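One-letter residues, chain by chain:
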Amino acid sequence: MIIGTAGHIDHGKTALVRALTGVDTDRLPAEKARGITIDLGFAYRRVPGAETLGFVDVPGHEAFVHNMLAAALGIDFVLLVVAADDGPMPQTREHLQIVDLLGVERGIVVLSKCDLVSSERIAEVGAEVHRLLDRTSLATAEIMPVSIVTGEGVAAVEAHLLDAARSMPLRCLDGRFRLAIDRSFSLSGIGTVVTGTLVSGTISREEELEVFPTRTRLRVRGVQVHGAPAEQAIAGQRTALNLAGISTGDLARGMTLAPPDTFQTAARL
Ligand SMILES: Nc1nc2c(ncn2[C@@H]2O[C@H](COP(=O)(O)OP(=O)(O)O)[C@@H](O)[C@H]2O)c(=O)[nH]1
Ligand SMILES: [Mg+2]
(Lines give C-alpha, C1' and ligand atoms only; values in the text may rest on other atoms or scores of the structure.)
(Ligands and ions follow the chains in the order given, each with its own letter.)
Protein backbone atom coordinates (compact mmCIF):
# COMPACT_ATOMS: atom_id res chain seq x y z
CA MET A 1 0.00 0.00 0.00
CA ILE A 2 1.32 3.41 -0.98
CA ILE A 3 0.54 6.10 1.56
CA GLY A 4 0.87 9.76 0.65
CA THR A 5 0.98 12.70 3.00
CA ALA A 6 -1.01 15.87 2.34
CA GLY A 7 -1.51 19.15 4.14
CA HIS A 8 -0.19 22.63 4.84
CA ILE A 9 3.50 23.39 5.39
CA ASP A 10 4.79 22.95 8.94
CA HIS A 11 1.81 20.89 10.04
CA GLY A 12 3.96 17.84 10.81
CA LYS A 13 3.82 15.59 7.72
CA THR A 14 7.55 14.80 7.62
CA ALA A 15 7.70 14.35 11.40
CA LEU A 16 4.82 11.89 11.25
CA VAL A 17 6.48 9.81 8.50
CA ARG A 18 9.65 9.78 10.61
CA ALA A 19 7.66 8.60 13.67
CA LEU A 20 6.08 5.80 11.61
CA THR A 21 9.18 4.62 9.68
CA GLY A 22 12.28 6.01 11.36
CA VAL A 23 13.22 7.70 8.08
CA ASP A 24 13.83 11.43 7.65
CA THR A 25 12.52 12.10 4.14
CA ASP A 26 13.91 15.65 4.07
CA ARG A 27 17.23 14.54 2.58
CA LEU A 28 18.26 17.48 0.35
CA PRO A 29 20.76 19.97 1.84
CA ALA A 30 18.32 22.81 1.02
CA GLU A 31 15.59 20.94 2.88
CA LYS A 32 17.82 20.50 5.93
CA ALA A 33 18.91 24.15 5.84
CA ARG A 34 15.42 25.59 5.44
CA GLY A 35 13.68 22.94 7.52
CA ILE A 36 11.04 22.45 4.85
CA THR A 37 10.18 19.74 2.35
CA ILE A 38 10.82 20.77 -1.26
CA ASP A 39 10.89 17.54 -3.21
CA LEU A 40 9.13 14.24 -2.66
CA GLY A 41 10.49 11.99 0.07
CA PHE A 42 10.23 8.21 0.17
CA ALA A 43 10.25 5.78 3.08
CA TYR A 44 9.33 2.14 3.59
CA ARG A 45 8.08 0.18 6.50
CA ARG A 46 8.44 -3.58 6.16
CA VAL A 47 5.69 -5.41 7.99
CA PRO A 48 6.18 -9.09 8.87
CA GLY A 49 3.50 -11.20 7.20
CA ALA A 50 2.01 -8.29 5.30
CA GLU A 51 2.61 -5.98 2.38
CA THR A 52 5.31 -3.36 2.74
CA LEU A 53 3.96 0.09 3.51
CA GLY A 54 5.42 2.69 1.16
CA PHE A 55 5.30 6.34 2.17
CA VAL A 56 5.53 9.31 -0.16
CA ASP A 57 6.03 12.53 1.79
CA VAL A 58 5.03 15.68 -0.07
CA PRO A 59 5.88 19.36 0.36
CA GLY A 60 3.11 21.55 1.78
CA HIS A 61 4.43 24.84 0.43
CA GLU A 62 2.21 26.36 -2.27
CA ALA A 63 5.21 26.77 -4.63
CA PHE A 64 5.66 22.99 -4.74
CA VAL A 65 2.08 21.88 -5.36
CA HIS A 66 3.17 20.29 -8.68
CA ASN A 67 5.40 17.91 -6.69
CA MET A 68 2.49 17.03 -4.41
CA LEU A 69 0.34 16.34 -7.47
CA ALA A 70 2.98 14.06 -9.04
CA ALA A 71 2.93 11.91 -5.90
CA ALA A 72 -0.81 11.97 -5.26
CA LEU A 73 -1.43 10.33 -8.64
CA GLY A 74 -0.07 6.98 -7.45
CA ILE A 75 -1.26 6.71 -3.86
CA ASP A 76 -3.69 4.23 -2.30
CA PHE A 77 -4.18 5.98 1.00
CA VAL A 78 -3.79 9.56 2.17
CA LEU A 79 -2.66 10.96 5.51
CA LEU A 80 -4.08 14.48 5.57
CA VAL A 81 -2.18 16.22 8.36
CA VAL A 82 -3.76 19.23 10.07
CA ALA A 83 -1.99 20.92 12.99
CA ALA A 84 -4.34 21.26 15.95
CA ASP A 85 -2.97 24.72 16.81
CA ASP A 86 -3.35 26.26 13.32
CA GLY A 87 -6.36 24.30 12.13
CA PRO A 88 -7.07 24.04 8.38
CA MET A 89 -4.91 26.38 6.26
CA PRO A 90 -4.78 27.16 2.49
CA GLN A 91 -2.80 24.06 1.42
CA THR A 92 -4.96 21.89 3.69
CA ARG A 93 -7.87 22.85 1.44
CA GLU A 94 -5.87 22.76 -1.78
CA HIS A 95 -4.39 19.31 -1.11
CA LEU A 96 -7.82 18.02 -0.07
CA GLN A 97 -9.21 19.29 -3.38
CA ILE A 98 -6.45 17.47 -5.29
CA VAL A 99 -7.09 14.25 -3.36
CA ASP A 100 -10.82 14.64 -4.02
CA LEU A 101 -10.32 15.31 -7.75
CA LEU A 102 -8.11 12.22 -8.05
CA GLY A 103 -10.77 10.19 -6.26
CA VAL A 104 -8.59 8.93 -3.40
CA GLU A 105 -11.18 7.48 -1.04
CA ARG A 106 -9.05 5.76 1.56
CA GLY A 107 -7.37 7.89 4.15
CA ILE A 108 -7.45 9.51 7.56
CA VAL A 109 -6.97 12.98 8.94
CA VAL A 110 -4.19 13.26 11.48
CA LEU A 111 -4.67 16.14 13.92
CA SER A 112 -1.03 16.79 14.75
CA LYS A 113 0.64 18.77 17.56
CA CYS A 114 -2.09 17.83 20.06
CA ASP A 115 0.47 18.35 22.86
CA LEU A 116 0.31 22.09 22.12
CA VAL A 117 -3.43 22.59 22.60
CA SER A 118 -6.31 21.91 24.99
CA SER A 119 -8.83 19.13 24.51
CA GLU A 120 -11.45 21.81 23.71
CA ARG A 121 -9.26 23.03 20.85
CA ILE A 122 -8.84 19.46 19.55
CA ALA A 123 -12.62 19.04 19.49
CA GLU A 124 -13.07 22.43 17.78
CA VAL A 125 -10.51 21.70 15.01
CA GLY A 126 -11.93 18.18 14.64
CA ALA A 127 -15.38 19.68 13.96
CA GLU A 128 -13.92 22.19 11.50
CA VAL A 129 -12.08 19.42 9.62
CA HIS A 130 -15.24 17.32 9.61
CA ARG A 131 -17.12 20.16 7.82
CA LEU A 132 -14.25 20.55 5.36
CA LEU A 133 -14.37 16.85 4.41
CA ASP A 134 -18.10 17.00 3.72
CA ARG A 135 -18.88 16.07 0.11
CA THR A 136 -15.28 15.10 -0.67
CA SER A 137 -13.85 11.62 -1.33
CA LEU A 138 -12.71 11.64 2.33
CA ALA A 139 -16.15 12.43 3.78
CA THR A 140 -16.10 9.38 6.06
CA ALA A 141 -12.41 9.52 6.97
CA GLU A 142 -11.52 9.07 10.61
CA ILE A 143 -9.98 12.06 12.41
CA MET A 144 -7.16 10.95 14.71
CA PRO A 145 -5.41 13.16 17.31
CA VAL A 146 -1.63 12.67 17.40
CA SER A 147 1.44 14.13 19.04
CA ILE A 148 4.88 13.04 17.97
CA VAL A 149 6.27 14.72 21.09
CA THR A 150 4.33 12.62 23.61
CA GLY A 151 3.74 9.74 21.16
CA GLU A 152 -0.01 10.00 21.69
CA GLY A 153 -2.00 8.48 18.83
CA VAL A 154 1.00 7.25 16.81
CA ALA A 155 0.28 3.57 17.57
CA ALA A 156 -3.38 4.07 16.65
CA VAL A 157 -2.40 5.55 13.27
CA GLU A 158 -0.02 2.66 12.72
CA ALA A 159 -2.72 0.09 13.55
CA HIS A 160 -5.14 1.86 11.22
CA LEU A 161 -2.60 1.77 8.36
CA LEU A 162 -1.90 -1.95 8.84
CA ASP A 163 -5.64 -2.70 8.87
CA ALA A 164 -6.14 -0.64 5.73
CA ALA A 165 -3.24 -2.42 4.00
CA ARG A 166 -4.70 -5.83 4.83
CA SER A 167 -8.15 -4.97 3.54
CA MET A 168 -6.98 -3.14 0.46
CA PRO A 169 -8.45 -4.46 -2.79
CA LEU A 170 -5.77 -5.62 -5.22
CA ARG A 171 -5.11 -3.35 -8.14
CA CYS A 172 -5.81 -4.55 -11.62
CA LEU A 173 -2.78 -6.61 -12.73
CA ASP A 174 -4.17 -7.44 -16.16
CA GLY A 175 -3.77 -5.15 -19.05
CA ARG A 176 -1.12 -2.65 -19.90
CA PHE A 177 1.45 -1.44 -17.41
CA ARG A 178 1.60 2.26 -16.70
CA LEU A 179 4.29 3.91 -14.64
CA ALA A 180 4.11 7.63 -13.79
CA ILE A 181 7.68 8.89 -13.47
CA ASP A 182 8.39 10.90 -10.35
CA ARG A 183 12.21 10.86 -10.43
CA SER A 184 14.95 10.14 -12.95
CA PHE A 185 18.64 10.03 -12.17
CA SER A 186 21.90 8.44 -13.23
CA LEU A 187 23.85 5.95 -11.10
CA SER A 188 27.50 5.35 -11.89
CA GLY A 189 28.05 1.84 -13.26
CA ILE A 190 24.30 1.34 -13.70
CA GLY A 191 23.07 4.16 -15.90
CA THR A 192 19.66 5.76 -16.14
CA VAL A 193 17.12 4.97 -13.44
CA VAL A 194 13.54 6.15 -13.11
CA THR A 195 11.23 5.68 -10.16
CA GLY A 196 7.48 5.90 -9.78
CA THR A 197 4.41 4.04 -8.64
CA LEU A 198 3.26 1.34 -11.02
CA VAL A 199 -0.34 2.41 -11.56
CA SER A 200 -1.50 -0.73 -13.41
CA GLY A 201 -0.27 -4.01 -14.90
CA THR A 202 3.11 -5.67 -14.36
CA ILE A 203 6.55 -4.95 -15.76
CA SER A 204 9.55 -7.27 -16.05
CA ARG A 205 13.19 -7.19 -17.02
CA GLU A 206 13.92 -7.08 -20.75
CA GLU A 207 10.46 -5.76 -21.55
CA GLU A 208 10.13 -3.11 -24.25
CA LEU A 209 8.39 0.15 -23.41
CA GLU A 210 7.74 3.62 -24.73
CA VAL A 211 8.15 6.99 -23.04
CA PHE A 212 5.10 9.25 -23.37
CA PRO A 213 4.78 11.92 -24.64
CA THR A 214 8.26 11.84 -26.24
CA ARG A 215 7.62 8.38 -27.79
CA THR A 216 11.13 7.04 -27.34
CA ARG A 217 11.31 3.22 -27.28
CA LEU A 218 13.44 1.58 -24.60
CA ARG A 219 14.28 -1.71 -22.96
CA VAL A 220 14.10 -2.45 -19.23
CA ARG A 221 17.52 -3.53 -18.03
CA GLY A 222 16.64 -4.02 -14.38
CA VAL A 223 13.74 -3.78 -11.92
CA GLN A 224 13.65 -2.86 -8.23
CA VAL A 225 10.61 -2.97 -5.99
CA HIS A 226 10.46 -1.06 -2.71
CA GLY A 227 14.22 -0.61 -2.89
CA ALA A 228 15.21 -4.26 -3.55
CA PRO A 229 16.03 -6.04 -6.86
CA ALA A 230 13.10 -7.95 -8.38
CA GLU A 231 12.22 -9.92 -11.52
CA GLN A 232 9.05 -7.94 -11.98
CA ALA A 233 7.00 -5.16 -10.44
CA ILE A 234 3.24 -5.34 -10.08
CA ALA A 235 0.61 -2.61 -9.90
CA GLY A 236 0.64 -0.64 -6.68
CA GLN A 237 4.34 -1.08 -5.97
CA ARG A 238 6.98 1.64 -5.76
CA THR A 239 9.10 0.72 -8.73
CA ALA A 240 12.55 1.65 -10.02
CA LEU A 241 13.58 0.76 -13.56
CA ASN A 242 17.08 0.76 -15.01
CA LEU A 243 16.62 1.79 -18.62
CA ALA A 244 18.90 1.13 -21.57
CA GLY A 245 19.25 3.61 -24.41
CA ILE A 246 18.32 6.94 -22.87
CA SER A 247 19.95 9.66 -20.77
CA THR A 248 18.34 11.18 -17.67
CA GLY A 249 18.02 14.54 -19.43
CA ASP A 250 15.37 13.03 -21.73
CA LEU A 251 13.19 11.86 -18.86
CA ALA A 252 11.25 13.99 -16.40
CA ARG A 253 8.63 13.90 -13.69
CA GLY A 254 5.20 13.84 -15.30
CA MET A 255 6.14 11.51 -18.17
CA THR A 256 4.58 8.07 -18.38
CA LEU A 257 6.08 4.71 -19.34
CA ALA A 258 3.80 2.17 -21.01
CA PRO A 259 3.95 -0.53 -23.70
CA PRO A 260 4.71 0.83 -27.20
CA ASP A 261 1.79 2.57 -28.97
CA THR A 262 -0.40 2.79 -25.85
CA PHE A 263 -1.14 6.52 -25.96
CA GLN A 264 -1.63 9.32 -28.44
CA THR A 265 -0.14 12.70 -27.67
CA ALA A 266 -2.67 15.54 -27.76
CA ALA A 267 -2.47 19.29 -27.20
CA ARG A 268 -5.99 19.61 -25.82
CA LEU A 269 -8.02 17.90 -23.16
N1 LIG B 1 4.96 20.05 19.50
C2 LIG B 1 4.87 19.34 18.38
N3 LIG B 1 5.60 19.71 17.32
C4 LIG B 1 5.48 18.97 16.18
C5 LIG B 1 4.64 17.83 16.08
N6 LIG B 1 4.72 17.35 14.84
C7 LIG B 1 5.60 18.13 14.18
N8 LIG B 1 6.08 19.12 14.99
C9 LIG B 1 7.06 20.16 14.65
O10 LIG B 1 6.51 20.99 13.65
C11 LIG B 1 7.54 21.43 12.75
C12 LIG B 1 7.15 21.11 11.33
O13 LIG B 1 7.13 19.71 11.16
P14 LIG B 1 7.36 19.03 9.74
O15 LIG B 1 7.16 17.59 9.93
O16 LIG B 1 8.62 19.50 9.11
O17 LIG B 1 6.12 19.69 8.93
P18 LIG B 1 5.76 19.49 7.37
O19 LIG B 1 6.12 20.78 6.70
O20 LIG B 1 4.27 19.29 7.35
O21 LIG B 1 6.51 18.31 6.85
C22 LIG B 1 8.82 20.74 13.19
O23 LIG B 1 9.56 21.63 13.96
C24 LIG B 1 8.31 19.56 14.02
O25 LIG B 1 9.22 19.16 15.00
C26 LIG B 1 3.88 17.48 17.25
O27 LIG B 1 3.11 16.50 17.27
N28 LIG B 1 4.04 18.26 18.37
MG1 LIG C 1 7.69 18.15 5.21
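Conventions used here
- Residues numbered from 1 in each chain as written.
- Chains lettered and ligands numbered in written order.
- Predicted model: local features only at pLDDT ≥ 70, side-chain atom pairs only at ≥ 80, totals over all residues.
- Heavy atoms only, no water.
- Domains from an automatic or database assignment.
- Contact = heavy atoms within 4.5 Å.
- Buried area = accessible area lost by both parts, 1.4 Å probe.
- Salt bridge = Lys/Arg side-chain N within 4 Å of Asp/Glu carboxyl O.
- Helix = DSSP H or I, 4+ residues; strand = E, 2+ residues; numbered from the N terminus.
- Nonpolar A, V, L, I, M, F, W, Y, C, P; charged D, E, K, R; others polar.
- Donors = N, O, S within 2.8 Å, 3.2 Å for Na, K, Ca; no water.
- Buried < 20%, exposed > 50% of the residue type's maximum accessible area, 1.4 Å probe, protein only.
- Pairing = 2+ DSSP bridges.
- Axes fitted to C-alpha atoms, helices over the stretch in contact; angles between N-to-C directions.

Chemist: Could you clarify how one ought to interpret the domain arrangement of the protein chain in this entry?
Modeler: One frequent convention defines the size of an interface as the accessible area lost when the parts assemble. Partitioning the protein chain into domains gives domain 1 (2-167) and domain 2 (178-258). The interface of domain 1 with domain 2 comprises 14 residues on the first partner and 10 residues on the second. Counting each side, the surface lost to burial between domain 1 and domain 2 is near 1000 Å², with a carbon and sulfur contribution of 58%. The three residues of domain 1 that bury the most area against domain 2 are I2, F42 and Y44, which together make up 41% of that side's buried surface. The shortest N-O distance in the salt bridge between R253 and D39 comes to 2.9 Å. Mapped onto the side of domain 1 that touches domain 2, the elements with two or more residues apiece are strand 2 (41-45) and helix 3 (65-72). Of the residues belonging to the side of domain 1 that touches domain 2, the class tally is 7 nonpolar, 3 polar and 4 charged.

Chemist: Can you walk me through the coordination of the magnesium ion (ligand 2) in this structure?
Modeler: Tetrahedral coordination by four donors places them ideally at 109.5 degrees to one another around the metal; octahedral coordination by six donors ideally gives 90 or 180 degrees. The magnesium ion (ligand 2) binds to the protein through T14 (OG1) and T37 (OG1); the donor distances cover 2.0 to 2.1 Å. Within this pair, whereas T14 is found in helix 1 (residues 13-21), its partner T37 is found in the loop between helix 2 (29-34) and strand 2, the two being separated by 23 residues in sequence. Residue T14 shares its accessibility class with T37, and that shared class is buried.

Chemist: Looking at this structure, I do not really get the sheet that holds strand 1 (residues 2-6). What am I missing?
Modeler: In any sheet, the strands associate via hydrogen bonds between backbone groups, in a parallel or an antiparallel arrangement. Overall, mixed pairing links the 6 strands, which are arranged 2-3-1-4-5-6 in an open sheet. Looking at the sheet topology across the chains shown, the edges are occupied by strand 2 and strand 6 (142-145). Between one strand axis and the next, the sheet turns through 25° on average, direction left out of account. Relative to strand 3 (residues 53-57), strand 2 runs antiparallel, the two sharing 5 bridges. When the bridges of strand 3 are listed, Y44 appears paired with G54. Relative to strand 3, helix 1 is tilted by about 160°, and along the sheet it contacts strand 1, strand 2, strand 3, strand 4 (77-83) and strand 5 (107-112).

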